[in-house]
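# An overview of the molecular structure
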Amino acid sequence: MALGLLCLSLVLLGALQTQAQDSTPNLIPAPPLLRVPLQPDFQDELFQGKWYVVGLAGNAFNKEENSQFKMYATTYELNEDNSYSVTSTLLRNQRCDRWIRTFLPSFQPGQFNLGNIERYPGIQSYTVRVVATDYNQVATVFFKKVYKNREFFKITLYGRTKELTHELKENFISFAKALGLTDDHIIFPIPNGNHQLGRGEGPMGTVQA
């Protein structure tokens, strides 16, 4: 009897796991980092400061579900060891939350890894790559995360102000599509009355940027 119940439990557990896997949407594969451009001669001092998140694209985004995503700001503060303290201020459940992360410099200027990664359960790696920037108006940054053996990637369009030109937004869309994303994976957050606030956690999880 006990053996029969154990077998039944194992069968039900297997069925539930299969159902969970089937209900998980297929992700567009993350591109290898070699396919992602890197800002030549990256100037870490010039990149620091406040950036507004004007555009977002990623393989876990859904344009319809995230149509009301609010704009928020992220501030990069350069440390003495050339790492960044990165702070995002988000609005979650009518409460203002701040997320602070450390981005450690990698072997290439303009590429970073998430510091203290053990603080984020399930995250196996997290890479940040500055694709292009003019430092005083716009920047495009690529994020790649491996979470529980699944690869997620996100592209952020930063602006020093809330508004960017139509041409810059079109360039962002073209770049996202070149990495395999579609219009359904690209959103432009809605400017918020409070320039620092956004809406909760994005599809890349609690590690916002």
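Preceding this paragraph is the structure being described.
The structure contained in this document is the topic of the report that follows. (Residues numbered from 1 in each chain as written. Predicted model: local features only at pLDDT ≥ 70, side-chain atom pairs only at ≥ 80, totals over all residues. Heavy atoms only, no water.)

### Section: the overall build of the chain
The helix and strand inventory of the chain stands at 3 helices and 9 strands. Counting all 209 residues of the chain, 43% fall into the buried class. A separation threshold of at least 6 residues defines the contact pool for the chain, and within that pool the share at least 24 residues apart is 61%. Within the structure as shown, the chain displays about 11300 Å² of accessible surface, and the carbon and sulfur contribution to it stands at 53%. (Helix = DSSP H or I, 4+ residues; strand = E, 2+ residues; numbered from the N terminus. Buried < 20%, exposed > 50% of the residue type's maximum accessible area, 1.4 Å probe, protein only. Contact = heavy atoms within 4.5 Å. Areas by Shrake-Rupley, 256 points an atom, 1.4 Å probe, with all protein chains shown as cover.)

### Notes on the packing of aromatic side chains
Taken as a whole, this structure holds 15 aromatic pairs when the rule is applied. On the basis of an interplanar angle of 80° and a centroid distance of 5.9 Å, the ring pair of Tyr76 and Tyr158 is categorised as edge-to-face. Of this pair, Tyr76 sits in strand β2 (residues 73-78) while Tyr158 sits in strand β8 (residues 150-159), and the two are 82 residues apart along the sequence. Of the two residues, Tyr76 and Tyr158, both sit in the buried class. By the ring-pair criterion, three or more aromatic residues cluster together here, those being Phe42, Phe47, Trp51, Tyr76, Tyr84, Phe103, Phe112, Tyr135 and Tyr158. Lying across the ring of Tyr147, Lys145 places its NZ or CZ 5.2 Å from the centre. For Lys145, the ring lying beneath its charged end belongs to Phe152, and the centroid distance is 5.5 Å. (Phe/Tyr/Trp six-rings, centres within 6.5 Å; stacked < 30°, edge-to-face > 60°. Lys NZ or Arg CZ within 6 Å of the ring centre and 35° of its normal.)

### Some remarks on the pattern of salt bridges
Tallied over the full model, the rule gives 2 salt bridges. For Glu151, the salt bridge is made with Lys144, and the minimal N-O distance between the two is 3.9 Å. For Glu151, a relative accessible area of 35% translates into the label partly exposed. Overall, Lys144 belongs to the buried group, its relative accessible area being 13%. Between Lys177 and Asp183 there is a salt bridge, and its shortest N-O distance comes to 2.9 Å. Taking the relative accessible area as the measure of exposure, Lys177 reaches 40% and is therefore partly exposed. Since its relative accessible area comes to 40%, Asp183 is described here as partly exposed. (Salt bridge = Lys/Arg side-chain N within 4 Å of Asp/Glu carboxyl O.)

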